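Each chain is listed here by its residues.
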Amino acid sequence: MLKALIFDVDGTLADTERFGHRVAFNLTFAAFGLNWHWGETLYGELLAVTGGRERIKHFINRYQPDMSGVATNDLTAFIETLHAAKNRQYAKLIETGRIPARPGVIRLIREAKAAGLRLAIATTTKLENVEALFAASFPSDMLSWFEVIATDESVQNKKPAPDIYQYVLEEMGLSAQECLAFEDSENGLRSALSAGIPALITVNDYTENQNFSGALMVVDHLGEPQQPLTCLSEKNCADFAITDVAVLGALYEAYCVE
Ligand code: XBP
Ligand code: MG
């Protein structure tokens, strides 16, 4: 029986990458006097590396050969400082409320709670970033509906490793077959599937051309009555305009129950 929905954050609940994290990284680089700029295209490429600290490290290795002489400890400390400053910038940007929840997200969370489904979050970003997003762009108290909020702080190996989803399952005392995951990226999908959890994908501009083989369904967004979704996967796309609890239940019964 379907018991819980587990949501990724960045790119899934809201389009936080292009106008949130990316902008915050650039403001931080400028504040530190670095002439680095992550344009939209470069950021799309850098997103292959999950985690802000890991992304900065990858960027330095790939694009800043001048820094190759810096001792590893110094570099790690520098990246840590830069990343913490980026998250402060991110919180300021998010506070303005400029990044709303994606279509259908708040509706589905409400319906799921009303239907008695349990809720969790499995994200690569930090807890403070999740809190900032919910405070600014979600109904008050909604974050407290999530009984497990698994973040950067929860596990060591980031997506596409299964660790974050395994952590959520353990905390909730559920098996993978009792859950559905919501993701926007190939790394996120691989993470959920490696933990055995079926996953539904809502793509965005950064991820629409990624490989989503194995996904339960791929859609452009979760859909609102006034803003119907478009199904992008060949399989499992019945004729429905929104992803609601009844649709999820039907998909689950049809494709996830052995
Ligand atoms: C997406 C990520 C994150 C964000 C930036 O995570 O890979 O690294 O880009 O956040 P998810 P941090 O989709 O799993 O939420 O800088 O805090 O890592
Ligand atoms: Mg994501």
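Since we're looking at a predicted model, the values are computed, not measured.

Colleague: Requested: an account of helix α5 (residues 105-114), with residues and values cited.
Modeller: Three or more residues of α5 are buried, namely V105, R107, L108, I109 and A112. Looking at the buried side of α5, the elements it contacts are β1 (4-7), β2 (118-122), β4 (179-183) and α9 (245-255).

Colleague: Outline the packing of aromatic side chains, listing residues and values.
Modeller: Under the counting rule described, the total for this entry stands at 14 aromatic pairs. Taken together, a centroid distance of 5.1 Å and an interplanar angle of 65 degrees make the contact between F29 and W36 edge-to-face. An identical accessibility class is assigned to F29 and W36; each is buried. With a centroid separation of 5.4 Å and 35 degrees between ring planes, the pair formed by F59 and Y63 is classed as tilted. Taken together, the residues span about one helical turn, with F59 and Y63 both in helix α3 (residues 52-63) at a distance of four residues. Against the face of F25 rests K86, its NZ or CZ located 4.8 Å from the ring centre. One residue, K86, lies across the ring of Y90, its end atom 5.5 Å from the ring centre.

Colleague: Pulling in residues and values, what's your account of the pairing of β2?
Modeller: Of all the five residues making up β2, four are buried; the element is thus mostly covered by neighbouring parts of the structure. Here β1 pairs with β2 via four bridges, running parallel. Bridge assignment links I6 to a residue of β2, and that residue is A120. Note: β2 against strand β3 (residues 148-150), three bridges, orientation parallel. Along β3, the bridge assignment pairs A122 with A150. As a crossover connection, the stretch from β2 through helix α6 (residues 127-137) into β3 is right-handed.

Colleague: Lay out the pattern of salt bridges with the relevant residues and their values.
Modeller: This structure, assessed with the given rule, holds 15 salt bridges. Residue E147 pairs with R118 through a salt bridge whose shortest N-O separation is 2.8 Å. One end of the pair, E147, is in the loop between α6 and β3; the other, R118, is in strand β2, with 29 residues separating them in the sequence. The partly exposed category is assigned to R118, whose relative accessible area is 27%. The residue E153 makes a salt bridge to K126 at a minimum N-O spacing of 3.9 Å. Of this pair, E153 sits in the loop between β3 and α7 (163-172) while K126 sits in the loop between β2 and α6, and the two are 27 residues apart along the sequence. We classify E153 as partly exposed; its relative accessible area is 46%. Given a relative accessible area of 17%, K126 falls into the buried group.

What counts as what
- Residues numbered from 1 in each chain as written.
- Chains lettered and ligands numbered in written order.
- Predicted model: local features only at pLDDT ≥ 70, side-chain atom pairs only at ≥ 80, totals over all residues.
- Heavy atoms only, no water.
- Buried < 20%, exposed > 50% of the residue type's maximum accessible area, 1.4 Å probe, protein only.
- Helix = DSSP H or I, 4+ residues; strand = E, 2+ residues; numbered from the N terminus.
- Contact = heavy atoms within 4.5 Å.
- Phe/Tyr/Trp six-rings, centres within 6.5 Å; stacked < 30°, edge-to-face > 60°.
- Lys NZ or Arg CZ within 6 Å of the ring centre and 35° of its normal.
- Pairing = 2+ DSSP bridges.
- Right-handed = clockwise from strand over helix to strand, strands pointing away.
- Salt bridge = Lys/Arg side-chain N within 4 Å of Asp/Glu carboxyl O.

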